[in-house]
Amino acid sequence: MNPRNTSALGLLEDPISNHSTAFSDLDRSRLGLRGLLPYAVESPEQQARRAYAAYGDQPSDLARHINLRALQDNNETLFYRLLRDHVEEMLPIVYTPTVAEACQHFSRIYRRPRGLFVAYPDREHLREILRNRPHRDVDVIVVTDGQRILGIGDQGIGGMGIPIGKLSLYTALGGIDPARTLPIVLDVGTDNPQLLADPVYLGWRHPRIDGEDYDAFIEQFVAAVEAELPGTLLQWEDFATPHALPILERYRDRLLTFNDDIQGTAAVAMAALTAGCRISGTPLTEQRVVMLGAGSAGIGVCEQIVRAMTAAGLSEQAARGNIYVVDIHGLLTTDRTDLDPAQRLLAHDPGDVPATTDKPPALADVVAAVHPTALLGLSTATGAFTEQIVRAMAGHCPRPIIMPLSNPTSRSEAAPQNLLDWTDGRALIATGSPFPPVQYAGREVPIAQCNNVYVFPGIGLGVTAVHATRVSDAMMTAAAEAVAGCVDAHAAVPALLPERTRLQETATAVARAAARAAVADALAPKLDDEQIDQAVDATSWKAVYQDLEPHS
Ligand SMILES: NC(=O)C1=CN([C@@H]2O[C@H](COP(=O)(O)OP(=O)(O)OC[C@H]3O[C@@H](n4cnc5c(N)ncnc54)[C@H](O)[C@@H]3O)[C@@H](O)[C@H]2O)C=CC1
Ligand SMILES: CC(=O)C(=O)O
Ligand SMILES: [Mg+2]
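Residues numbered from 1 in each chain as written. Chains lettered and ligands numbered in written order. Predicted model: local features only at pLDDT ≥ 70, side-chain atom pairs only at ≥ 80, totals over all residues. Heavy atoms only, no water.

Q: With reference to specific residues and values, describe the sheet that holds strand S4 (residues 233-236).
A: Pairing within the open sheet is parallel, and its 5 strands lie in the order S1-S3-S2-S4-S5. At either margin of the open sheet sits one strand with a lone partner, and together these are strand S1 (116-119) and strand S5 (257-259). Strand after strand, the sheet turns through a mean of 20° between neighbouring axes, direction not considered. Running at roughly 160° to S5, helix H13 (residues 241-251) makes contact with S4 and S5 of the sheet. Contacting strand S2 (140-144), S4 and S5, helix H21 (residues 456-466) runs over the sheet at an angle of about 160° to S4. (Pairing = 2+ DSSP bridges. Helix = DSSP H or I, 4+ residues; strand = E, 2+ residues; numbered from the N terminus. Axes fitted to C-alpha atoms, helices over the stretch in contact; angles between N-to-C directions. Contact = heavy atoms within 4.5 Å.)

Next up, the structure:
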C-alpha cells in the first residue's frame, strides 16, 4: 500500500474547492500545495483569460462543450466566472443546441462522474444511491429519464447532459450554489436501437421499462428523495409526454416539484405572447392562437394561455375557443379517438374548421380558416411553418406573432430570416434555440429566444430563498409577468423577450415574483417584500474563491 496525499490532492481534485493556479503563495504553504502547481500564481482575471483562450482554440461547438465541461469538473468557480462573463456566447454551447450533440455522444465523451445514475436494476438501493450524493445539502435536483431529449428523442443515459446543462444555468443565471445542485438520470433502459447496439453505450442495455413497473420505480425514487432530501426542489425534465403530465399531477401537491417543459415553457411563452400583444396592439382576449404540437410542452403553453385569457375576462369556453391545436394527425377535434384527457380539453368541434380531405384539418387548413394572430410550434417538425402557411397568416394580420419553439435548432419550425422575408418584415419572432440577428431592409433585427431558461433559474432561486414548499400555478404566472416586465418596451426594434445578456437580471426578477406569490399563498413562511428581496440576494451564489481550511 502506498498512501496517497489525499489532503492536498483532494483540494485540487474537488471542483468546488479548487482554485487551481490562483492558490496564493500563502495558501500553497498553509494547505500543503507547494510544488503541486506551476510556480506562477494567477489572479482570477488571468485565469479567466487563459481559460477563454483555450476555449477559443477548440475546433467545433462540441469540442467547446467538452472543454467547458472539463473546466466545470476541474474548477467550478472559474467555470461560472467564464460562463457569466460570456453568457450570450456560451449559452448555445452548454445548452441548446450543442447540448443535444453532447447527449448523443455522452458515452464517448464521458470522463468524470457528476450527479447520480439511478439505474432500474439498482432499484432496491435507491436510498443508498441518494446517500452517496457528492454533497450533503441540495437545493435543486434536475432529473430526466432521457426519453424525450429536446426534439431528438430517446438518448438513454445520454440524457444526463440535460440535467447537467440546466443546473449549470441554475447557478450561472439563478445563483444557486453549484455545490447544492444535483443532476440525476433515471436509467430505465432505452428503446433507441443505435444505443442498444453501440458497444460503448454506458447505460443499462435493456428496452425501456414502462407501465406499472415504471410508475412503481418513479414512486420509489420520489419516496427516496422525500426521505433523503426533504424540501429539495425536484425538477422533471425531458420526460416523454405519456409520462410527463401524469408524473406532474401525481406529485405536484405532495412535494416541491415542477415540470420545466410543461410549466417553465408555458411561463416564458406567455411572457413572449404578452409582449406580442403590446407591440401588435391586439389584446390577449382577441388573439387567435394556433399551436403546432400537442405534446406536453404545447399543451402546457395552451393551458397557460387559457388561464391568462380567463384572468383577462374571457369565459373558459371562449378562451379555449380562441386556441387551435394541431398535431401530426391534424387539428385536435372532439370526434378524434386518439386524444388524451389534456388534449381533449383543447379539442374543437369538427365543424369549426372545414377539412379539405377526410382527415382532420392540417395546419394549412387551420391557418386559412382561422386567420391566426399567433402561430406557435412545439412539434419537433423542422420547417413546418412553410412559406405558404406564413404568407397566408400574414395576409390577414398586420403583426403576426410567430414562434417556432422546437429545439435544437435543427428541429425549428422555421428560420427567422424566412419569416421576416415572407411577412415583409412584419413578423414578431421568438425561437426556442438561439438564432443570430437577421438583416432586414437595412436594419438588424434581434431574434428573441423563447426558452424556459428565462424561467427555471429564477424559480429555483425564489423557492430556495424563501423555503417554499410547493410550486404553484400562481408562482408560474408571476414568473411569466416578471419576464414580460423585463422586456424593453422602448427598444428601437421591439422584442418579445429580454435580451439574452439580461438573463441573470431576469432570473432575479422571476425569483422575487415567484417568492412573493409563494408567500402570498402561504406556501412559504411569512415575509414582507423587502425581506423577500433580501433573502433572494443573500441566497445568490457568487463566483469568487472562498478561503479554505487545511485538512486535518
Ligand atoms: N422552447 C422551449 O423552451 C421548449 C421547447 N420544447 C421543444 O418542444 C418540442 C416538443 O416537446 P414535447 O411536447 O415534449 O414533445 P412531444 O413529442 O410529446 O410532442 C410533439 C407533438 O408534435 C406533433 N408533431 C410531431 N411531428 C409533427 C408534424 N410533422 N406535424 C405536426 N405535428 C407534429 C406530435 O403529434 C406531438 O403532438 C421539442 O422539440 C422540445 O425541444 C420543449 C420544452 C421547452
Ligand atoms: C428547452 C427545453 O426544455 C426543451 O427543449 O426540452
Ligand atoms: Mg426540456
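What follows picks up the thread again.
Q: So what about the site of ligand 2? Which residues, and what values?
A: Lining the immediate surroundings of ligand 2 are Tyr-95, Arg-148, Leu-150, Lys-166, Glu-237, Asp-238, Asp-261, Asn-407, Asn-451 and Asn-452. In the model, an oxygen atom of ligand 2 is placed 3.0 Å from a nitrogen or oxygen of the Asp-261 side chain. With respect to ligand 2, the side chain of Asn-407 contributes an N or O atom lying 2.8 Å from an oxygen atom. Within the complex, 91% of the 220 Å² of free accessible area of ligand 2 lies under protein. A breakdown of the residues in the shell around ligand 2 according to their chemical character gives 2 nonpolar, 3 polar and 5 charged. (Near = heavy atom within 4 Å. Polar contact = N/O pair within 3.5 Å; in protein donor to acceptor, adjacent residues only side chain to side chain. Areas by Shrake-Rupley, 256 points an atom, 1.4 Å probe, with all protein chains shown as cover. Nonpolar A, V, L, I, M, F, W, Y, C, P; charged D, E, K, R; others polar.)

Q: Requested: an account of the coordination of the magnesium ion (ligand 3), with residues and values cited.
A: Surrounding the magnesium ion (ligand 3) are the protein donor atoms Glu-237 (OE), Asp-238 (OD) and Asp-261 (OD), at 2.0 Å. All donors to the magnesium ion (ligand 3) come from one chain, and their sequence spacing reads E-D-x22-D. Linking Glu-237 in the loop between S4 and H13 with Asp-261 in helix H14 (residues 260-280), this pair joins segments that are 24 residues apart in sequence. What makes Glu-237 buried here is its relative accessible area of 1%. For Asp-261, a relative accessible area of 7% puts it in the buried group. (Donors = N, O, S within 2.8 Å, 3.2 Å for Na, K, Ca; no water. Buried < 20%, exposed > 50% of the residue type's maximum accessible area, 1.4 Å probe, protein only.)

Q: I'd like a description of the UniProt feature "binding site: a divalent metal cation" (unreviewed entry) in the chain, backed by residues and values.
A: This chain's UniProt record puts "binding site: a divalent metal cation" (unreviewed entry) on Glu-237, Asp-238 and Asp-261. Taken together, the annotated residues stretch across 25 residues yet fold into one region, lying no more than 6.7 Å apart by C-alpha. Excluding residues within four positions of it along the chain, Glu-237 makes contact with Val-142, Val-143, Thr-144, Asp-145, Ile-162, Lys-166, Asp-260 and Asp-261. Discounting chain neighbours no more than four positions away, the residues touching Asp-261 are Arg-148, Trp-236, Glu-237, Asp-238, Phe-239, Ala-297 and Asn-452. (UniProt positions renumbered as here; feature names shortened; annotations may be inferred.)

Q: Can you explain the site of ligand 1? Please cite residues and give values.
A: Arg-148, Thr-241, Thr-265, Ala-294 and Asn-452 are the nearest of the 25 residues found near ligand 1. In the environment of ligand 1, an oxygen atom lies 2.7 Å from a nitrogen or oxygen atom belonging to the side chain of Arg-148. Here Leu-405 contributes a backbone N or O atom positioned 3.1 Å from a nitrogen atom of ligand 1. Sorting the residues of the shell around ligand 1 by element identifies H14 and helix H15 (296-311) as the ones contributing at least two each. Looking at the shell around ligand 1 residue by residue, the class counts come to 9 nonpolar, 13 polar and 3 charged. Looking at which domains feed residues into the shell around ligand 1, each of domain 2 (100-259) and domain 3 (263-450) supplies at least three. (Domains from an automatic or database assignment.)

Q: Explain the packing of aromatic side chains residue by residue, including any values.
A: Scanning the entire structure with this criterion turns up 13 aromatic pairs. Summarising the aromatic geometry, the rings of Tyr-95 and Phe-456 are spaced 6.4 Å apart at their centres and angled 65° between planes, so their arrangement reads as edge-to-face. With Tyr-95 in the loop between helix H6 (87-94) and helix H7 (98-104) and Phe-456 in helix H21, this residue pair connects regions lying 361 residues apart in the sequence. Taken as a pair, Tyr-95 and Phe-456 share a single burial class, namely buried. Taken together, the ring pairs connect Phe-221, Trp-236, Phe-239 and Tyr-251 into an aromatic cluster. Over the aromatic face of Tyr-120 sits the side chain of Arg-123, whose NZ or CZ is 4.0 Å from the ring centroid. (Phe/Tyr/Trp six-rings, centres within 6.5 Å; stacked < 30°, edge-to-face > 60°. Lys NZ or Arg CZ within 6 Å of the ring centre and 35° of its normal.)

Q: Give a detailed account of the domain arrangement of the chain, specifying residues and quantitative values.
A: Partitioning the chain into structural domains gives domain 1 (1-94), domain 2 (100-259), domain 3 (263-450) and domain 4 (453-537). Look at where the C-alpha atoms of domain 1 and domain 3 centre, and you get two points 44 Å apart.

Q: Summarise the sheet that holds strand S6 (residues 289-292); cite the residues concerned and give the values.
A: Reading across the sheet, the 7 strands line up as S8-S7-S6-S9-S10-S11-S14 and stay open at both edges, with mixed pairing between neighbours. Among the strands making up the open sheet, the edge pair consists of strand S8 (330-331) and strand S14 (448-449). With 2 bridges joining them, strand S10 (residues 401-404) and strand S11 (residues 428-431) adopt parallel strand pairing. Its bridge partner lying in S11, Ile-402 is registered against Ile-429.

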